[in-house]
Amino acid sequence: MIKKVVTILCFALSFTCLNAQTIKRPNIILFLVDDMGWMDSGVPFGDSSYALNKIFTTPNMQLLAKEGVKFTNAYATPVCTPTRTSILTGMNATRHGVTNWTSPIINNSTDAKDDQFSGANWNLNGVVINSITTYPQLLKQAGYYTIHVGKAHWGPAGTPMSNPLNLGYMVNIAGHAAGHPQSYYGKDNYGNIPNKASYQAVPDLSNYHGTDTNLTEALTLEAIKSLEAPIRLKIPFYLNMANYAVHVPIQPDVRFYQSYLDKGLDTANAKYASMVASMDKSLGDIMKFLTAKNIANNTIIIFMSDNGGLSLSGARGPKSHVQNLPLRAGKGSLYEGGIRVPMIVKWPKIVKPNTKNNQYIIAEDFFPSILEMAGLSQTTTLQKVDGKSFVPYLKNQNLTDSNRYLIWHYPNKWIDGDGPAINYTSAVRKGNWKLIYNLRNGHTSLYNLANDLGEYNDISKNNPLITKQLTLYLKQTLEKNKSPMPFYKSNSKMVEILID
Ligand code: CA
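What counts, and at which threshold
The numbering scheme is per chain: residues are counted from 1 as the chain's sequence reads. Restriction of local features to residues with pLDDT of at least 70 applies here, the model being predicted, together with a cutoff of 80 or more for giving and counting side-chain atom pairs; totals for whole chains, interfaces and linings are based on all residues. Heavy atoms throughout the structure, all of them, feed into the side-chain values; hydrogens and water do not. Secondary structure elements follow DSSP: runs of H or I no shorter than four residues count as helices, runs of E no shorter than two count as strands, and numbering proceeds from the N terminus. Radius of gyration: over C-alpha atoms. The globule rule applied is 2.2 Å multiplied by the number of residues raised to the 0.38 power. Between buried and exposed lies partly exposed: a residue is buried under 20% and exposed over 50% of the maximum accessible area for its type, with that area taken using a 1.4 Å probe on protein chains only. For this analysis, residues touch if any pair of their heavy atoms sits within 4.5 Å. Salt bridge, as used here: a side-chain nitrogen of Lys or Arg that lies within 4 Å of a carboxyl oxygen of Asp or Glu. Only the six-membered ring of Trp is used, alongside the rings of Phe and Tyr, when aromatic pairs are assigned; centres must lie within 6.5 Å, and planes under 30 degrees apart are stacked while those over 60 apart are edge-to-face, with the rest tilted. For two strands to pair, DSSP has to find at least two bridges joining them. Comment: axis = line fitted to C-alpha atoms, over the contacting stretch for helices; angle = value between 0 and 180 degrees taken between N-to-C directions. By definition in this entry, angles of less than 35 degrees are roughly parallel, angles greater than 145 are roughly antiparallel, angles of 65 to 115 are roughly perpendicular, and the rest are oblique. Residue classes follow a fixed rule: Ala, Val, Leu, Ile, Met, Phe, Trp, Tyr, Cys and Pro count as nonpolar, while Asp, Glu, Lys and Arg count as charged, and any other residue, Gly among them, counts as polar. Atoms of type N, O and S within 2.8 Å of a metal are treated as its donors, and for Na, K and Ca the window is 3.2 Å; water is not considered, so some sites may appear to be missing partners. Only four donors with every angle between 85 and 135 degrees are called tetrahedral; only four or six donors with opposite donors over 155 degrees apart and all others between 65 and 115 are called square planar or octahedral, in that order; all others are irregular. A crossing counts as left-handed when the near helix is turned anticlockwise from the far one by less than a right angle, and as right-handed when that turn is clockwise. Residue types Ala, Val, Leu, Ile, Met, Phe, Trp, Tyr and Cys, when buried and joined through side-chain atoms within 4.5 Å, form a set referred to as a nonpolar core. Positive charge is attributed to Lys and Arg, negative charge to Asp and Glu, and no charge count is given to His or to the chain ends. In the analysis that follows, any N or O atom pair within 3.5 Å is treated as a polar contact, provided that within protein one partner can donate a hydrogen and the other can accept it, and provided that, for residues neighboring in sequence, both atoms belong to side chains.

Draft legend 1. Representation of the overall build of the chain. A tally of regular secondary structure across the chain gives 14 helices and 15 strands. Taken over the C-alpha trace, the chain has a radius of gyration of 22 Å; the compact-globule value for 500 residues is 23 Å, and the two agree within 12%. Oriented by its inertia axes, the alpha-carbon framework of the chain measures out at about 60 × 55 × 45 Å. The burial tally for the chain puts 62% of its 500 residues in the buried class. Partitioning the intrachain contacts of the chain with sequence separation of at least 6 by distance along the chain shows that 70% fall at a separation of at least 24.

Draft legend 2. Layout of the pattern of salt bridges. Using the criterion set out here, one finds 21 salt bridges in the structure. The partner of Arg404 in a salt bridge is Asp365, with the nearest N and O atoms 2.8 Å apart. Here Arg404 is found in the loop between α13 (391–395) and β11 (405–410), whereas its partner Asp365 is found in the loop between β10 (361–362) and α12 (366–373), with 39 residues between them in sequence. Of the two residues, Arg404 and Asp365, both sit in the buried class. Sharing partners across several salt bridges, the network here consists of Glu217, Asp253, Arg255, Lys281 and Asp285.

Draft legend 3. Structural context of the packing of aromatic side chains. Taken as a whole and assessed by the stated rule, the structure comprises 13 aromatic pairs. Ring geometry for Phe56 and Tyr272: centres 6.1 Å apart, planes at 80°, overall edge-to-face. With Phe56 in the loop between α3 (51–55) and α4 (59–67) and Tyr272 in helix α10 (residues 267–292), the pair connects residues that are 216 residues apart, well separated along the chain. For the pair Tyr335 and Tyr447, a centre-to-centre distance of 6.0 Å together with 70° between the ring planes defines the contact as edge-to-face. Taken together, the residues Tyr335 in the loop between β7 (299–305) and α11 (336–339) and Tyr447 in strand β14 (residues 444–448) connect sequence positions 112 residues apart. Tyr447 matches Tyr335 in its accessibility class, with the two residues each being buried.

Draft legend 4. Structural view of the sheet that holds β14. Here we have four strands laid out as an open sheet, ordered β11-β12-β13-β14, and antiparallel in their pairing. Each end of this open sheet is capped by a strand with a single partner; those strands are β11 and β14. Strand-to-strand twist in this sheet, taken as the mean axis angle between neighbours without regard to direction, amounts to 15°. Sheet topology note: the strand β12 (residues 425–430)/strand β13 (residues 433–438) ladder contains six bridges and is antiparallel. Bridge pairing in β13 places Arg429 opposite Lys434.

Draft legend 5. Spatial organisation of the packing of α4 against α10. α10 packs onto α4 with a crossing angle of 50° between their chain directions and a minimal axis gap of 7 Å. Viewed along their axes, α4 and α10 adopt a mutual orientation that is oblique. When α4 is examined against α10, the residues Pro59, Asn60, Met61, Leu63, Leu64 and Glu67 are found in contact with a partner set consisting of Met279, Asp280, Lys281, Leu283, Gly284 and Met287. Partitioning the contact of α4 with α10 into residue classes produces seven nonpolar, two polar and three charged.

Draft legend 6. Summary view of the coordination of the calcium ion. Distances from the calcium ion to its protein donors, Asp34 (OD), Asp35 (OD), Cys80 (SG), Asp306 (OD), Asp306 (OD) and Asn307 (OD1), fall at 2.2 to 2.6 Å. Coordination at the calcium ion is irregular: its six donor atoms span angles of 53 to 157° at the metal. All donors of the calcium ion belong to a single chain; written as a sequence motif, their spacing is D-D-x44-C-x225-D-N. Of the two residues, Asp35 sits in the loop between β1 (27–33) and α3 while Cys80 sits in helix α5 (residues 80–89), which places them 45 residues apart along the sequence. The exposure class assigned to Cys80 is buried, which follows from its relative accessible area of 2%.

Draft legend 7. Representation of the packing of helix α8 (residues 215–233) against α10. At their nearest, the axes of α8 and α10 sit 9 Å apart, and the two run at 20° to each other. Classed by the angle they form, the pair α8 and α10 counts as roughly parallel. Two packed elements cross with a definite hand, and for α8 against α10 that hand is right-handed. On the side of α8, the interface is formed by Thr216, Glu217, Thr220, Ile224, Leu227, Glu228 and Ile231, while α10 contributes Ser278, Met279, Lys281, Ser282, Asp285, Ile286 and Phe289. When its residues are assigned to classes, the contact of α8 with α10 shows six nonpolar, four polar and four charged.

Draft legend 8. Focus on the nonpolar core. Among the nonpolar cores identified, the biggest contains 65 residues, and Leu205, Met279 and Phe303 are the most heavily contacted of them. Examining the composition of this core, we find that 12 residues originate from one element, α10, more than from any other. Formed by 47 residues, the second largest nonpolar core is a distinct cluster that contains Val69, Trp154, Ile302 and Val391.

Draft legend 9. How the structure looks around the side chain of Arg25. When you line up the elements, Arg25 lands in the loop between α2 (14–20) and β1. Within the buried set, Arg25 has no salt-bridge partner at all; the shortest N-O distance to an opposite charge, 12 Å, is to Glu372. Among the polar contacts listed, one links the side chain of Arg25 to the backbone oxygen of Ala374, at a separation of 2.7 Å. When sequence neighbours within four positions are dropped, the list of residues in contact with Arg25 reads Ala142, Tyr144, Pro236, Asn298, Ala374, Gly375 and Leu376.

Next comes the structure, spelled out in structure tokens:
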């Protein structure tokens, strides 16, 4: 039995549940990809189609974009767990304090060692579960059948946050503490190899062990199977379809790999592109299933990635920070390459098909948006929700808000040796202004994204007032939310934001 259905109470009391369904609620699927960059698609999220868009073959993303709206300014945080926690709770990372990715091991900081700073006091075991109300809990209470499939990564093994069944999900397939699979290959049992299994061995999929079934395919098949019950019972479902792809290990999907070699890609790019194609097939298979079951018209699909594309040399080729061009840098960075991600929403009869929206939105907005889509705007939560629903932008294309502030905070060390806006960095966006603040030395840089998407032209000296305004917003927000900050090793003092 692969599915773990823990809450059958609803079905035992199905009359009550069905009564709760007198309001026709839509099915909702969040198709969350891991580490997929803004450019890793045949769908251009920029103003035009760039060279990288021509590498990737993603017909199902293209179909979804044709049937929905693509958001060109959708943001995550620079790494996995902070984004996933923001989606789950509606809180910005400055508030939930899970500013870095969580280790599979409890009480273990994933920060790299540093000469200048000792580690920030971030929530390395995930948020305190009793302090939050998750949206899957609220959906479940409203009669939704809630399913998690794939990568979870909300907290270390042994913590309540590591288990999706504690977070409002009635079904969990293959989600646990790890942030990536040990292997994408069925013939490797997805890492469940006697005496060789690591924390990253993927649970639950033993039916596929020893077969040629790629992990992405196995998850998709199981996700589709898990939808049979709510469809049969005529109750709405929420599916958190969180593919492990396209995170490392970069292991080619043999169904697609050769076609990219034939197109002339080098092996690194062909391997990665085959994983993107595998992810795209997963999306397409789910869309076809919805159509076959005649429920596509009552199912919302939200496509999103949890951070920018990996841009370190090695698995992604010989050169660093070219993988997300024209965006600068990649995963781990607060430059756009690390945080701007592909996003598409299909909502039949509500969203105008084949449109795009340039409004900037961020991961914590998913919480109120999903609840509003489900007709559950008036809910109370234990935590203060920072996110704002993007549903108004789905209903009215002409709506814009250039006064809103977005904030990112990474008081952590991701890699040895600081890269471009990687390690100990915060950032603020308002309108087209974007400020990057270096926590090591208080250096600020300011960019105008309207004419400098690549963030190469620091105009802070020419714009002292806006630089000060954004820096002040950063300082006040971090202080108000008691956000984690690094400490100087030299005097044990906490880093403070400096205002010129
Ligand atoms: Ca990720």
